[in-house]
Amino acid sequence: MIGCAIARELTRYRLDVVLVESEVEVGFGTSKSNSGIIHGGHHTEPGTLKGELAWAGNQRWVRLAQELGFGFRRNGDLTVAFDEADVEVLEKIAQQGRDRDIPGVEIWGPDKIRLEEPNLNQDIIAAVDGPTAGVVNPYEACFALVECAVANGLGLRVGAPVTAIEAGGDGLLVHAGGEPIETQFVINAAGVHAEKVARMVGLLEPTIRGRKGEEYLLDKRLASIVQRTIFPCPTPTSKGILVIPTFDGTIMVGPTAQAVEDLEDVATTAVGAATTFDLARRLVPGISERDCIAEFAGVRAVAGNNDFVVGPTSVPGFFNAAGIQSPGLTAAPAIAEMLVHMLGEAGLDLLPRPEFKRTMPRPVHAASISVGELTEMAERDRRFARVVCRCELVTEAEIHDAIDRGARTLDGLKFRTRAGMGRCQGGFCTSRCMQLLAAESGAAMSDITKRGDGSWLVLDRNQLGTAEVPT
Ligand SMILES: Cc1cc2nc3c(=O)[nH]c(=O)nc-3n(C[C@H](O)[C@H](O)[C@H](O)COP(=O)(O)OP(=O)(O)OC[C@H]3O[C@@H](n4cnc5c(N)ncnc54)[C@H](O)[C@@H]3O)c2cc1C
């Protein structure tokens, strides 16, 4: 997300910009595995870069979503109290909001809470209302930012892990497969691997530790159980388990917070599930694990100072956008603007490009248009009449459009169109999506992967016995 936001921001200027991504598609790191909340800005503690940039970032999402056509809704949040000790914490949170001039932050009593969110635990005695909070489709946002940047001249190299960076002399030389990239500036936005990339130029900071968060997605049956994102009263170390109405109308519960050594550890666990559902049920008693249709985990990149690390380093031309833990999604647009400003201060010539295209066509989602509109579209293009994903009503035309816009994997299709995200979790549409991907790219079915890197789904009969089967 951070790299994508910076890339788009830089393409406003007459510059040669390259985004180098080790995965086969952008957004496949932590940015695809989060809660999708655009935080209201009142939760983050003062005196931190996180706190400063969360509210600044929040205010940029409405315009971004309008320009780029991804899903965003300002649904607000409620942080709830069960006893007087919690109420004291809530007052502090509300004051943080007032200190930042965040509009509408106020404390509600039980009557107002019951009226607005009748399915919350009846033992809740007070809540902070944060109307500025929202929810976004984080992967859609990543794709849209990059598609816009590419339309404005970004050089995008995917499947290209940075393996070495030569510093010294007049600039930096980045090795990422293919031709090395000679550049004046490098921005290290490598998520949980930012420490590794910083080491490539000899820096000992930042250090990055992993903190895993498990999330559980519930069936649409529970769609309107809450309107706002529900936060428990936070503790000094954790925001706690939340109940989140996602942009797409499902309810998500999570995330856990567990320190992990392995920065790639995205396994969900029985303990994580039990903790999540127990705590979510304390907020909203109607929630049950029987409604769970999918689960995933992501790893937060936590820097040694427990704050964002954004800015220049002792290596000339080498900048960090590291340690971008939560609320990094919220802050992303503000981080991007901050970095571009810093690059300007460091001598980058920021000459605006008047031909910068700020908007992108909004992709059609059959599920969100009327039957009349869909019928009209199907008369013009029969692919709109062929449904690929029944649960989420995704048509063949949308799958083709996603492939045209850069989807190369099943996850790439899923995150752009929602095919495979519904109740049956791809049981019905996976093979059709694979066929369409194979036909469009001229690849064999056995070359189609879930998310690249050997995650293929079927073996060619001729390869049986010779291919290495992933464990
Ligand atoms: C469970 C969970 C819930 C969260 N919920 C929220 C939320 O609701 N709201 C919010 O604001 N924030 C949330 N966050 C935080 C948010 O997800 C992150 O702050 C954000 O995604 C960080 O983006 P990033 O670009 O720094 O990292 P990433 O998305 O991981 O991007 C880094 C990219 O660098 C690439 N890369 C790494 N090494 C190399 C290399 N050597 N060469 C080339 N490429 C490389 C990776 O493949 C990856 O694509 C949550 C985080 C988690 C884990």
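Peer 1: Any chance you could explain the overall build of the chain here in plain terms?
Peer 2: For the chain, the helix and strand inventory stands at 13 helices and 22 strands. Here the chain has a C-alpha radius of gyration of 23 Å; the compact-globule value for 471 residues is 23 Å, and the two agree. C-alpha atoms of the chain, sized along the principal axes, occupy 65 × 55 × 50 Å. In the chain, the share of contacts with a sequence separation of at least 24, taken over all contacts with a separation of at least 6, comes to 72%.

Peer 1: Explanation requested: the pairing of strand S16 (residues 251-254) in the structure shown.
Peer 2: The side chains of a regular strand alternate between the sheet's two faces. Side-chain alternation along S16 places Ile251 and Val253 on one buried face and Met252 and Gly254 on a second face that is also buried. The sheet contact formed by strand S13 (residues 208-218) and S16 spans 3 bridges and is antiparallel. In the sheet register, Tyr216 faces S16, and the bridge partner there is Val253. Two strands pair when backbone bridges link them, and strand S15 (residues 242-245) and S16 are joined in this way by 4 bridges, in the antiparallel orientation. When the sheet's bridge partners are listed, Leu242 is paired in S16 with Gly254. Joining the antiparallel neighbours S15 and S16 is a turn of 5 residues, in which Gly249 adopts a positive phi near 95°.

Peer 1: What is the right way to read the packing of helix H11 (residues 396-404) against helix H13 (residues 430-441) from this model?
Peer 2: Angle between the axes and distance between the axes are the two parameters that describe a pair of packed helices. The N-to-C vectors of H11 and H13 enclose an angle of 45°; their axes lie 11 Å apart at closest approach. The angle between H11 and H13 places the two elements in the oblique class. When you trace H11 past H13, the crossing you get is right-handed. Residues Glu396, Ile399, His400, Ile403 and Asp404 of H11 lie in contact with H13, whose contacting residues are Arg432, Cys433, Leu436, Leu437 and Glu440. Looking at side-chain class alone, the contact of H11 with H13 contains 5 nonpolar, 1 polar and 4 charged residues.

Peer 1: Sorry if this is basic, but what is going on with the nonpolar core here?
Peer 2: Proteins that are soluble and globular tend to have nonpolar side chains buried together. Residues Trp61, Phe70 and Ile335 are the most contacted members of the largest nonpolar core, which totals 53 residues. When residues of this core are traced back to their parent elements, those giving at least two are helix H1 (2-10), helix H2 (49-58), helix H3 (61-68), helix H6 (138-151), strand S20 (318-322) and helix H9 (328-345). Broken down by element, the residue count for this core peaks at 10 residues, all from H9. Listed in part, the 24 residues of the second largest apolar core include Ile113, Tyr216, Ile230 and Ala280.

Peer 1: Help me understand the domain arrangement of the chain, please; the structure alone is not making it clear to me.
Peer 2: The figure often quoted for interface size is the accessible area lost as the parts come together. Its domain assignment divides the chain into domain 1 (1-72 + 133-206 + 304-357) and domain 2 (366-463). Look at where the C-alpha atoms of domain 1 and domain 2 centre, and you get two points 29 Å apart. Taken together, the contact pairs 9 residues of domain 1 with 12 residues of domain 2. When the two sides are added together, the surface that domain 1 and domain 2 hide from each other amounts to roughly 910 Å², 59% of it contributed by carbon and sulfur. The three residues of domain 1 that bury the most area against domain 2 are Glu25, Tyr139 and Glu147, which together make up 45% of that side's buried surface. Our enumeration of links across domain 1 and domain 2 arrives at 3 salt bridges. Our count for the domain 1 to domain 2 interface comes out at 4 residue pairs in polar contact (both at pLDDT 80 or more).

Peer 1: Whenever I open this one, the layout of surface pockets confuses me. Can you help?
Peer 2: Unfilled space is identified by rolling a water-sized probe across the atoms. Size it by volume and the second largest pocket reaches roughly 370 Å³. Residue lining of the second largest pocket: 21 residues in total, with Phe247, Asp248, His365, Ala367 and Ser368 positioned closest to the centre. Partitioning the lining of the second largest pocket into residue classes produces 8 nonpolar, 6 polar and 7 charged. When residues of the lining of the second largest pocket are sorted by domain, at least three fall in each of domain 1 (1-72 + 133-206 + 304-357) and domain 2 (366-463).

Peer 1: I tried to follow unusual backbone geometry on my own but got confused; where do I start?
Peer 2: Peptide bonds are mostly trans, and most non-glycine residues show a negative phi. Residue Pro206 is bonded to the preceding Glu205 through a cis peptide linkage, with omega at -5°. Among the secondary structure elements, Pro206 is positioned in the loop between helix H7 (194-200) and S13. Note the cis peptide between Ser326 and Pro327, where omega equals 5°. As for its placement among the helices and strands, Pro327 is situated in the loop between S20 and H9. Despite not being glycine, Leu393 shows a phi value in the positive range, around 50°. Mapped onto the elements, Leu393 comes out in the loop between strand S21 (387-389) and strand S22 (394-395).

Reading the values: the criteria
Residues numbered from 1 in each chain as written. Predicted model: local features only at pLDDT ≥ 70, side-chain atom pairs only at ≥ 80, totals over all residues. Heavy atoms only, no water. Helix = DSSP H or I, 4+ residues; strand = E, 2+ residues; numbered from the N terminus. Rg over C-alpha atoms; globule rule 2.2 N^0.38 Å. Contact = heavy atoms within 4.5 Å. Buried < 20%, exposed > 50% of the residue type's maximum accessible area, 1.4 Å probe, protein only. Pairing = 2+ DSSP bridges. Axes fitted to C-alpha atoms, helices over the stretch in contact; angles between N-to-C directions. Parallel < 35°, antiparallel > 145°, perpendicular 65-115°, else oblique. Left-handed = near helix turned anticlockwise from the far one by under 90°. Nonpolar A, V, L, I, M, F, W, Y, C, P; charged D, E, K, R; others polar. Core = buried A, V, L, I, M, F, W, Y, C linked by side-chain atoms within 4.5 Å. Domains from an automatic or database assignment. Buried area = accessible area lost by both parts, 1.4 Å probe. Salt bridge = Lys/Arg side-chain N within 4 Å of Asp/Glu carboxyl O. Polar contact = N/O pair within 3.5 Å; in protein donor to acceptor, adjacent residues only side chain to side chain. 1 Å grid on protein atoms, 1.4 Å probe; cavity = no way out; pocket = protein on both sides within 12 Å on 5 of 7 lines; lining within 4 Å. Points joined across faces, edges and corners; volume = space filled by probe spheres on them.

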